[in-house]
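Here is what each chain is made of, one letter per residue.
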Amino acid sequence: MRFAPVLGLMATLLATPAVADPARLDARSAVAAKAPRAHAITWDKYSLKVDGQRVFSWGGEFHPFRVPSPDLWRDILQKMKASGYNTVAVYFDWGYHSPKQGVYDFSGVRDMDRMLTMAQEEGLYVITRAGPYVNAELTRGGFPGWLVNQQARARTDAPEYLQAADEWLSRINAVVARHQLTTGQGTVIAHQIENELDVVGPAQQRYMRWLADKARADGITVPIFHNDKGRNGYWVPKGSNVPGTVEGPTDLYAFDGYPGGNCKVDSTPSSPGVAPDWGIYGPGGAKGGASASPNTPGFLAEFGGGWFDYWGSNGDYDCTAIHRGVGYQRVFYATNIANGITLQSFYMTYGGTSWGWLPAPVVFTSYDYGSAIDEARGLRDKARVMKQMGEFVAAVPDLTRMDKGEAVVPSNDKVRVYHNVNTETGSHLYVVVHNPSSATGDETFTFTVKTRDGQYVVPSRIKGQDSKMLMASYDLGGQRLVYSTSEIQTHLKWNDGDLALLYGRTGEAGETVLRYASPPKVEVIEGDVQSAFDAARGDLKLTYAHKGLARVRITGGGRSPLTLLLADAETGQTFWRRDDVLVRGPGLVRGEAAKGGVLSLTGDTETDSPLEVFAPKAVTAIRWNGAKVATKPTASGSLLAERPLPGPAAITLPDLAKLDWKTAPGSPEADPKFDDSAWMRTEGRRGGSTVRGPTGQPTLDMSAYGFHNGDVWYRGRYHGRADIDTLTLHYGGGGAGMLQVWLDGRFLGQHELDGGLPRPITTGVATFKLPEDLRGTGEHVLSVMVRDNGHNWDLDADDFHKEARGLVSASLSGPGTYSFAAPIAWKIQGNKGGEDIQDPVRGDANNGGQYGEREGWHLPGFPDAAWAKADMADTKPYAGTTWYRASFDLALSKDQDTTLGLSIGDPALPRSPNKRYRVLIFVNGWNMGQFIANVGPQRTFVLPSGIVDPHGKNTLALAVTSDGAPGDALEAVKLVNLRTVRGGIPVARVPAPDFKP
Ligand code: GAL
């Protein structure tokens, strides 16, 4: 049996043949047999409509490529759904799928069909954002490595570029086309064809036309849009007719924005910013926001859900989670709602990990983003507030068609009240914020609510960074809410009447007025609630303070019964709305299914938690994660578990210091006798780089030789001369990239690039004095290792992503030999195989050209028996790279979900300024990030389940690159429990090959 769906449409969306979660099987199988039903997507200036029914798309951005463990995609999607989101927005990363022109991979961790199917199964709409360019703090902004070798300017209609883009789009569009709402085969509701293209000349106009035509030719039938960088009025649909806009081949106009400021340089939150009016209260015109396109709904394709963090910061994600925290969400997102913006997507909602060589120079490994769901997959307080806002948006369909109401002047000019009306339903929305909305004082005030139900002077209060979204003259199910100073979290049809959950700030007074034909019976089941009936108006007025949970049952009065739950905000956050049930208590409710009077719930507990279920009467028994829960009925008609659900049991983790560690030196290329006969000779190749060496020198840019990620080695031979005493190397290394140099086997030193904001330094010139005893005539051998920490993005559509990586040029000079470029015969070696990557399962982003990587030292099963035993308590600094390997077994409880982290050194310090070393962290062969001791700020690296096996054997391999100076050696490495809950979902170990000789 399935209970009457509250949202008929979402129930239809769930009608999918593929069911992965057995707990949901029963509910779904009834509809699974039905043929897919196509849905019509239309829109007007207010909202999108699906089959004529208005939809408020409340979305969050999530990048499957930042979670290389597909089972965890479902975990994140379930957490989004549970946290009140109804839409997930996804970028696709072209480069993630294409190591070489013509070669594409959509399997394993790259299986985007699987991701879209999961989103459908979890009942989420999807906004697909296919590039070709996405930005997203990805290396090359998502372009594949091989694209940087094109002469043609990217993001124009240059044939060479279009041909490349065509390859990608033919494939990704086909994936998207298989999952559209419009064909009934999925939940994709809108599709983005380019990102922030703010060069709008004829070449871009033709390019945009081509992208739209291509999407249509590839079977994409959902509305198409572009994401405008800020508010330029670029690529608005035809017929917008707003002076100053640029029309494009789009159906919808979308834009992004990250207002509100950021954390200060000392990593404390700066004062709150003013929430902008980018919709019906805005300045209007092309640059006003939604006003650029008056015939389409207000659409924020990205609105700040946090912010990224950069190399060398103090580690700002915790600060961001506060600065762009609960108060920010309430003020900024509510202001968007007041502005009638009915498509909002918060970037990021789960940030994840820029593992391997995914990061652009502007970011380090963690892409936590300070977002609602943290990198360790835990719900921040932000997620719980998102749940309250999202459930409100879902419960109150009136929000999808709002016009400005009569101006409301509150009694206190330090307060602003937005007043909107839905002229079809007659309901009113009052959004209360400070005036200006950046203020944080404690203001009490009154304002007048004037609706078809009459005129009322309503008291309210706003304190700290906060807003309130209050409804009046609202048909709450079978009830008429005249007004309430409490916010609606959710309401649902419940048995023969309605169940509503309202909330307010702890300790604040609240009043709720309901309309009846005759005096109703009011029963206060719990809490302190006063009621009075005004017979003249038919108003029942409830007065109370928001404190814990009060429960009231109102019957008679000519209406169906109402059970009213009045909570303080935090108590409200302990509730979870699941279709037609309301659950209180656990840390997460993932799913529900009912069969023969038994309601089976799945979810997580973070501590011992109560469980209370407001389910239809037919439900008489409850199961939690498969186990029977003894319950008793309560006076409010719910079922309450007799004992709390248990929280997680403590876990113990192996002490990594005690493992049997092995070590081996990893830079044999430095040795003059090293055999580089199989390496490529550099030559006069023409790359695409925007930075080139002097004419006459060979091309050194690593990309020109098909090496696109991570480390690259050069070995150069030249004939010395006594007067040559200086080596100058121009190189590209990305943010916090570096270079190390040896001459005839002797370490000359290293050079590091600055990773800081506003733009990291991505190229540098390093100068080395040649030791006197190595200046003689005869052949000398230079060995140079360049670490490429990512290619630039192409944010300004100026081919910035093509800036060279690896060496750009090299010269040898002396006092009398100004800029003398002694001919150096260079050979180059990057990742093994170049574009013919050797490990297609882990993929292009996993490996660069370290010797150990080329030899498989990072992989499980590599025979390290002959390696030396490592003393981890007394590691030594060696110039170049030194490898450490160890294995450990884990047998964590299968009833629990633990996110493990690996930490290096003292987690309390963002960096060790005097320790010049860096580490590539390989877990079971996967490159899970880079630690740079002297740069920071990241010391703890999330190891996603599935990459680390919580129930089996794991192999760690650390590639430590140091300058060899005293103290510059690996610090203590620890395995840490970042988060453990009881619950979780099954996560398989991601299949990937072990070492093969
Ligand atoms: C936007 C861009 C995204 C991402 C974001 C900042 O402008 O569209 O791709 O880069 O900024 O995180």
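Residues numbered from 1 in each chain as written. Predicted model: local features only at pLDDT ≥ 70, side-chain atom pairs only at ≥ 80, totals over all residues. Heavy atoms only, no water.

- Per an unreviewed UniProt entry, the protein chain goes by the name beta-galactosidase and belongs to Caulobacter vibrioides OR37.
- What UniProt states about the protein chain under its Sequence similarities (unreviewed entry) heading is, verbatim, "Belongs to the glycosyl hydrolase 35 family."
- Of the comments in the UniProt record for the protein chain, the one headed Catalytic activity (unreviewed entry) reads "Hydrolysis of terminal non-reducing beta-D-galactose residues in beta-D-galactosides." (UniProt positions renumbered as here; feature names shortened; annotations may be inferred.)

Side note on the sheet that holds strand E41 (residues 726-732)
Link 1 in the chain: The three strands are arranged E44-E41-E46 in an open sheet whose pairing can be described as antiparallel. Each edge of the open sheet is held by one strand with a lone partner, namely strand E44 (763-769) and strand E46 (806-813). Mean inter-strand twist for the sheet, computed between neighbouring axes without regard to direction, equals 15°.
Link 2 in the chain: Pairing analysis gives seven bridges linking E41 to E46, with the strands arranged antiparallel. Considered in E46, the bridge of His730 is made with Ser809. (Pairing = 2+ DSSP bridges. Helix = DSSP H or I, 4+ residues; strand = E, 2+ residues; numbered from the N terminus. Axes fitted to C-alpha atoms, helices over the stretch in contact; angles between N-to-C directions.)

Some details on the packing of helix H6 (residues 159-177) against helix H7 (residues 202-217)
Link 1 in the chain: Between H6 and H7, the least distance of the axes is 10 Å, while the angle of their chain directions is 30°. The orientation of H6 with respect to H7, classified from their angle, is roughly parallel. Two packed elements cross with a definite hand, and for H6 against H7 that hand is right-handed. Along the contact surface, H6 presents Tyr161, Leu162, Ala165, Asp166, Leu169, Ser170 and Asn173, while H7 presents Tyr207, Trp210, Leu211, Lys214 and Ala215. (Parallel < 35°, antiparallel > 145°, perpendicular 65-115°, else oblique. Left-handed = near helix turned anticlockwise from the far one by under 90°. Contact = heavy atoms within 4.5 Å.)

Description of the sheet that holds strand E11 (residues 252-257)
Link 1 in the chain: Within the closed barrel, the eight strands sit side by side as E4-E5-E6-E7-E8-E11-E12-E13. Their pairing is parallel. Pairs of neighbouring strands in the sheet enclose a mean axial angle of 30°, with direction left out of account.
Link 2 in the chain: Across the sheet, helix H9 (residues 326-338) touches strand E4 (57-62), strand E12 (299-304) and strand E13 (343-350), and the angle it forms with E12 is around 165°.

So, unusual backbone geometry
Link 1 in the chain: Each neighbour pair has its own omega, and for Tyr347 with Met348 the value is -10°, a cis peptide bond.
Link 2 in the chain: Along the polypeptide, Met348 turns up in strand E13.
Link 3 in the chain: Pro436 follows Asn435 through a cis peptide bond whose omega is 0°.
Link 4 in the chain: In this structure, Pro436 sits in the loop between strand E16 (428-434) and strand E17 (442-451).
Link 5 in the chain: Its identity as a non-glycine residue notwithstanding, Asp51 has a phi of 50°, on the positive side.
Link 6 in the chain: Relative to the elements of secondary structure, Asp51 occurs in the loop between strand E2 (48-50) and strand E3 (53-55).
Link 7 in the chain: One non-glycine residue, Arg155, adopts positive backbone phi at about 65°.
Link 8 in the chain: Mapped onto the fold, Arg155 is located in the loop between strand E6 (125-129) and H6.
Link 9 in the chain: Exposure remark for Arg155: the relative accessible area of 1% places this residue in the buried category. (Buried < 20%, exposed > 50% of the residue type's maximum accessible area, 1.4 Å probe, protein only.)

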